[in-house]
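Residues per chain are reported as follows:
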Amino acid sequence: MKTCLKSFPLFLLLWPFSLFAADEIEIPYTKYVLDNGLTLIVHEDHKAPVVAVNVWYHVGSKDEKAGKTGFAHLFEHLMFNGSEHFNDDFFKALDDFGATGTNGTTNFDRTNYFEVVPKNALDAVLWLESDRMGHMLGAVDQAKLDEQRGVVQNEKRQGENQPYGRAWITIFENTYPDGHPYDHSVIGSMDDLNAASLEDVQEWFRTYYGTANAVIAVAGDVEPEDVKARVEKYFGHIPAGPALVAPEAAPAPRGSETRFVMEDRVPQARIYKVWNVPPLTAADTDYLQLATHVLTDGKTSRLFQRLVYEEQVATDVSAFVLGRELGSLFFVIATAAPGQDLAKIERILDEEMARFLREGPDDDELARAKTAERAQFLRGIERIGGFGGKSDILASSEIYYGSPDGWKTWFDNMMNAEAGDLQSAAREWLDEGAFVLEVHPYPDYSTTPGEVDRSKGLPPVGEFPQGDFPAVQSATLDNGLTVLLAEREAVPLVEMTLLVDAGFAADPQDAPGTGSLTMAMLDEGTENRSALEISDELGRLGANITTGASLDTSEVSLQALRSRLEDSVELFADVVLNPSFPAEEFARQQKQQLAAIEREKAQPFSMALRVMPSLLYGEEHAYSSPMTGSGTTASVTAMTVDQLRDFHAAWFRPNNATLVVAGDVSMAELLPLVREQFGEWQRGEVPAKNLARVEPRAESVVYILDRPDAQQSIILAGHLMPPKNNPDEFAIAAMTDVYGGSFTSRINMNLREDKHWAYGAFGFTFDARGQRPFISYAPVQTDRTAESMREILEELQGISGKAPVTKAELAKVVSQSVLTLPGRWETNAAVLNDLATRVRFKLPENYWDTYADQVRELSLDGVRQAAGEYVHPGRLVWVVVGDRDVIEDEVRALGFGEIHFVDADGNPVEK
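**Focus on the overall build of the protein**
Secondary structure assignment for the protein yields 33 helices and 23 strands. By principal-axis analysis of the C-alpha atoms, the protein measures approximately 95 × 75 × 70 Å. Out of the 911 residues in the protein, the part that is buried amounts to 55%. Across the protein, the fraction of contacts at a sequence separation of at least 24, relative to all contacts at a separation of at least 6, is 81%. Looking at the protein as shown, the accessible area adds up to about 39000 Å², and 49% of this sits on carbon and sulfur atoms. Here the protein contributes 82 positive and 140 negative side-chain charges, whose respective centroids are spaced 3 Å apart.

This is how it looks when you write it as structure tokens:
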């Protein structure tokens with residue numbers, strides 16, 4: 001196959017620039033837009049009886065979805081394997097026409113196909129290009145897909161097998177944040193290529209290969225109107241394709257340097273320094289390209305002269321800009337001379353880069369850079385086809401600038417550039433935030449004779465270490481504030497969390513979301529400090545303060561250096577005790593919480609979590625508000641600063657709080673600090689929460705939340721279980737793990753591994769001080785909604801009696817629970833979290849001390865009995881978020897209970 005990946009061909013990295021103004025050089029053209037949206041650009045050049053055809057599709061690797069990397073390039077290969085009316089290798093036909101310069105390439109932003117042929121073959125080429133644009137899918141079968149998949153994978157292997165080949169993949173995967181369109185290489189990952197299916201091919205073609213997403217540039221011995229007539233003849237019937245959303249420019253400049261070091265089978269060490277810079281259409285990018293000439297073009301360039309010529313520590317050095325539509329990359333690459341140190345090379349690189357930022361180029365350097373660009377551009381436009389040829393420039397200008405003469409923009413930028421422009425652009429984009437990659441030669445390792453008899457299998461692991469929870473010290477202030485300390489001296493850090501017995505459950509019935517908004521406001525200003533002053537002081541102290549809420553508790557946490565503990569605790573106490581709730585910060589936080597509610601109401605899982613509590617607990621229970629804690633649009637919109645002040649005053653009492661501490665501090669050191677800052681905190685009466693017992697419902701019921709056109713249905717099935725602090729908790733936890741608590745749990749192995757209807761399915765308890773939800777959760781493909789509900793019910797029926805927990809399942813759960821303990825409490829944060837869990841759910845003081853023994857002592861009969869007593873398959877609340885038109889009839893046919901329809905706020909919807 002002659003197609004090849006050209007993610008960064010030299011011309012595309014460097015073009016296009018010139019010394020002279022754009023009006024001194026012209027590439028005349030005629031532009032047409034056909035009725036079906038196809039853009040046609042024609043340039044007349046009668047110096048030879050040939051014609052270039054260059055078809056650009058505005059799609060590249062940036063348009064790939066997660067898990068589909070490499071697909072733009074894979075599809076480019078498929079486009080050469082035949083279409084419905086010429087089901088053969090396209091090169092066979094093109095070779096018969098005497099075609100030259102024939103190829104197809106893919107980069108981050110576009111895919112193109114081009115050829116130069118004698119002018120008498122123009123119709124034949126247009127016929128071929130139109131056949132694969134409009135009549136492709138019928139010719140693509142599994143055999144062709146597998147063939148080209150293998151070709152591309154070998155291309156990937158070949159590229160990465162070259163010296164320094166893996167460096168490019170590493171750079172492309174680490175210069176942009178996850179989720180950015182440029183966060184992966186053009187050729188993609190092996191796993192994603194393996195996963196490409198015929199369905200993917202069809203979706204890609206129908207989405208991106210319509211005429212409205214294409215530009216055809218025809219240059220050569222032709223007449224514009226004649227070409228237009230021919231293109232209309234062959235392409236006019238092809239549909240425009242769907243409307244596409246163009247991603248916005250996102251250079252993603254990096255605020256700090258990051259480094260990678262890799263070993264490869266290379267003869268010399270090499271260093272890459274890469275900066276994220278603006279899109280290729282930005283003037284600064286043009287100036288930065290000129291700067292690359294000053295740095296590395298020719299023996300007198302700054303980096304070459306210093307590294308290669310004078311100090312001779314490098315054998316080569318280069319700089320270039322990889323221009324891209326959303327954001328470009330500025331590269332400097334230096335290869336160490338044998339025996340030379342990369343650290344020294346980098347030091348010189350940094351010195352010269354700093355000098356360039358400080359001084360900019362001189363007049364002679366700038367003139368040479370412009371001359372080099374002018375010469376390269378002129379050499380390119382001597383040709384009508386190929387990279388840098390006139391058809392290429394016209395098509396690319398249309399794609400990137402929206403006009404065939406868009407090249408004049410950068411042409412003039414080059415011509416008019418002054419030394420200060422280059423210096424300013426470099427200071428703006430190259431001052432910090434480089435991605436640095438060191439590639440070192442792979443050492444020559446050797447092996448020793450093997451002495452292990454592997455036929456005996458795994459060696460015995462011996463006795464496992466005991467996981468011991470740190471000793472906990474306790475004290476109580478006169479005002480009722482309880483202090484718990486787990487002293488740990490490993491690092492000079494201290495972490496603490498103030499747990500207030502409030503949380504979402506403390507929200508007024510008519511104002512859900514109050515607790516969350518109150519906690520969000522605590523660090524937005526106090527009577528002594530503004531929000532910005534709090535932030536600045538935290539920075540000076542090297543401390544962090546976070547606030548938040550859960551179902552049962554409201555929490556303020558501090559991470560502090562031991563050496564700055566006194567000042568950190570003072571700031572911590574100010575945030576806890578003296579919030580000022582400034583009006584302007586309240587307005588901002590209120591808007592953010594309202595926006596969060598709208599996001600929840602648009603996301604299937606959070607939609608269900610918002611609705612389910614009131615269905616399980618009823619309207620008056622403290623747990624009946626949305627499980628997310630954000631409240632409702634109406635309640636948050638109507639909320640006032642006074643309500644937050646009232647919430648804080650009512651619940652933030654020392655006799656209603658526990659300060660949990662872990663880290664390098666003794667109780668003798670800690671208590672005086674706590675007394676000084678919290679000793680005057682006044683105790684008082686605290687409101688009661690309605691955690692009254694809810695009786696189990698008599699029968700199951702189904703609620704459907706309509707989400708039109710949903711590709712998946714989100715299924716939740718739940719009922720209430722005893723609080724976390726109950727005599728059978730360890731048996732309940734073991735049963736839950738077997739049912740749905742891990743990858744190998746019953747429900748996940750059923751719906752994911754066996755049926756392939758879900759990416760993951762789980763069962764869990766939402767821990768609480770009162771009765772808590774036991775929930776089965778499965779996002780499944782829409783057409784398997786009812787069948788998945790049936791499988792969930794059968795699994796619940798099984799775990800509760802028909803197929804009880806087995807001896808092997810229990811042994812696995814016990815092993816996983818106990819053997820992970822030695823590593824569980826490695827950090828202060830982990831210890832603090834588990835100590836807070838003990839407080840939050842009022843667990844016994846020796847809960848973690850006896851945890852391992854209680855798990856080991858679980859009996860199979862006890863776990864089975866707990867499952868039979870506490871799992872109620874016939875008393876479920878089903879909440880299904882999906883496309884009602886598709887799922888309703890089949891769900892109704894299940895007969896799982898009365899069906900109701902509600903919106904994202906839980907309000908009834910008419911049938």
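And the narrative resumes.
**Some words on the side chain of R746**
Topologically, R746 is positioned in helix 26 (residues 746-754). Overall, R746 belongs to the buried group, its relative accessible area being 15%. If we ignore the near neighbours within four places in the chain, the residues touching R746 are V738, Y739, E795, G798, I799, A803, P804, V805, T806 and E809.

**Brief notes about the sheet that holds strand 4 (residues 100-106)**
One open sheet holds the 6 strands; their spatial order is 1-2-6-3-5-4, and the pairing between them is mixed. On the outer flanks of this sheet lie strand 1 (30-33) and strand 4, each paired with one strand and no other. Neighbour-to-neighbour, the strand axes of the sheet open up by a mean angle of 10°, direction not taken into account. Direction of pairing for strand 2 (residues 39-44) relative to strand 6 (residues 214-220): parallel, over a ladder of 6 bridges. Within strand 6, the residue paired with I41 across the bridge is A217. Across the sheet, helix 2 (residues 71-78) is in contact with strand 4 and strand 5 (111-118); its angle to strand 4 comes to roughly 150°.

**Points about the layout of surface pockets**
By volume, the largest pocket is sized at about 710 Å³. Taken together, 30 residues form the lining of the largest pocket, with A733, A734, D737, S817 and Y851 sitting closest to its centre. Counting only elements with at least two residues in the lining of the largest pocket, the list comes to helix 25 (729-740), strand 20 (762-765), helix 28 (807-819) and helix 31 (851-856). Counting residues per element, the lining of the largest pocket draws most heavily on helix 25, at 8 residues. Grouping the constituent residues of the lining of the largest pocket by class yields 13 nonpolar, 9 polar and 8 charged.

**Concerning helix 21 (residues 604-617)**
Helical periodicity: at 3.6 residues per turn, an α-helix aligns residues three or four positions apart in one direction. Here helix 21 contains 14 residues, and its C-alpha end-to-end distance of 21 Å stays within 8% of the 20 Å for a straight helix at 1.5 Å per residue. At V611, helix 21 is deflected by roughly 30°, the largest bend along its length, and proline P613 occurs up to four residues later in sequence. The buried fraction of helix 21 is high, at 13 of 14 residues. Phi turns positive, to about 85°, at G618, one or two residues after helix 21.

**Examining the nonpolar core**
Counting residues in hydrophobic clusters, the biggest one holds 66 residues, and the most contacted among them are M735, L751, M789, I792, V863 and W878. The element best represented in this core is helix 25, accounting for 7 residues. Each residue touching M789, except ones within four places of it in the same chain, is listed here: I715, W878, V880, V891, L894 and F896. If you look at the next biggest cluster of nonpolar residues, it comprises 53 residues, including Y32, V59, L122 and V125.

**So, the pattern of salt bridges**
Under the criterion given, the structure shown has 56 salt bridges. Note that D905 and R610 form a salt bridge whose closest N and O atoms lie 3.9 Å from each other. One end of the pair, D905, is in the segment after strand 23 (898-901); the other, R610, is in helix 21, with 295 residues separating them in the sequence. The partly exposed category is assigned to D905, whose relative accessible area is 37%. The class for R610 is buried, based on a relative accessible area of 5%. The structure contains a network of salt bridges with shared partners spanning E257, R259, K273, E346, D350 and E438.

**Some words on the pairing of strand 5**
Of all 8 residues in strand 5, 7 are buried, a share of seventy percent or more. Taken together, the 8 bridges between strand 3 (residues 50-57) and strand 5 define a ladder with antiparallel strand orientation. Bridge assignment links W56 to a residue of strand 5, and that residue is N112. Relative to strand 5, strand 4 runs antiparallel, the two sharing 5 bridges. Its bridge partner being in strand 5, T100 is matched across the sheet by V116. Hairpin geometry of strand 4 and strand 5 is characterised by an intervening segment of 4 residues between the two adjacent antiparallel strands.

**Points about the sheet that holds strand 16 (residues 554-561)**
The 6 strands lie next to each other as 12-13-17-14-16-15, forming an open sheet whose pairing is mixed. Each edge of the open sheet carries a strand with a single partner, namely strand 12 (473-476) and strand 15 (544-549). Between one strand axis and the next, the sheet turns through 15° on average, direction left out of account. Here 4 bridges tie strand 12 to strand 13 (residues 482-487), and the two strands are oriented antiparallel to one another. Paired with T476 across the two strands is T482, which belongs to strand 13. Packed onto the sheet, helix 30 (residues 828-840) meets strand 13, strand 14 (493-500), strand 16 and strand 17 (657-663) and runs at close to 155° relative to strand 17.

**Observations regarding the environment of E795**
Summarising the element assignment, E795 is placed in helix 27 (residues 785-802). Spatially, the C-alpha atoms of E795 and T39 are 57 Å apart, while their sequence positions differ by 756 residues. Not counting chain neighbours up to four residues away, the residues in contact with E795 comprise Y739, R746, I747 and N750. Engagement of the side chain of E795 in a polar contact is seen with the side chain of N750, the distance being 2.9 Å.

**Quick look at empty space enclosed by the protein**
Evaluated as defined, the whole model comprises 2 cavities of 30 Å³ or more. Computed from the structure, the second largest cavity encloses a volume of approximately 90 Å³. Looking at the second largest cavity, the residues that line it are F504, L551, P613, Y617, A622, Y623, S624, S625, P626, M627, F766 and P773. Across the lining of the second largest cavity, the residue classes tally to 10 nonpolar, 2 polar and no charged.

Cut-off values and rules
Residues numbered from 1 in each chain as written. Predicted model: local features only at pLDDT ≥ 70, side-chain atom pairs only at ≥ 80, totals over all residues. Heavy atoms only, no water. Helix = DSSP H or I, 4+ residues; strand = E, 2+ residues; numbered from the N terminus. Buried < 20%, exposed > 50% of the residue type's maximum accessible area, 1.4 Å probe, protein only. Contact = heavy atoms within 4.5 Å. Areas by Shrake-Rupley, 256 points an atom, 1.4 Å probe, with all protein chains shown as cover. Lys, Arg positive; Asp, Glu negative; His and termini not counted. Charge placed at Lys NZ, Arg CZ, Asp CG, Glu CD. Pairing = 2+ DSSP bridges. Axes fitted to C-alpha atoms, helices over the stretch in contact; angles between N-to-C directions. 1 Å grid on protein atoms, 1.4 Å probe; cavity = no way out; pocket = protein on both sides within 12 Å on 5 of 7 lines; lining within 4 Å. Points joined across faces, edges and corners; volume = space filled by probe spheres on them. Nonpolar A, V, L, I, M, F, W, Y, C, P; charged D, E, K, R; others polar. Expected span 1.5 Å × (residues − 1). Bend = angle between axes of the 7 residues up to and from the residue. Core = buried A, V, L, I, M, F, W, Y, C linked by side-chain atoms within 4.5 Å. Salt bridge = Lys/Arg side-chain N within 4 Å of Asp/Glu carboxyl O. Polar contact = N/O pair within 3.5 Å; in protein donor to acceptor, adjacent residues only side chain to side chain.

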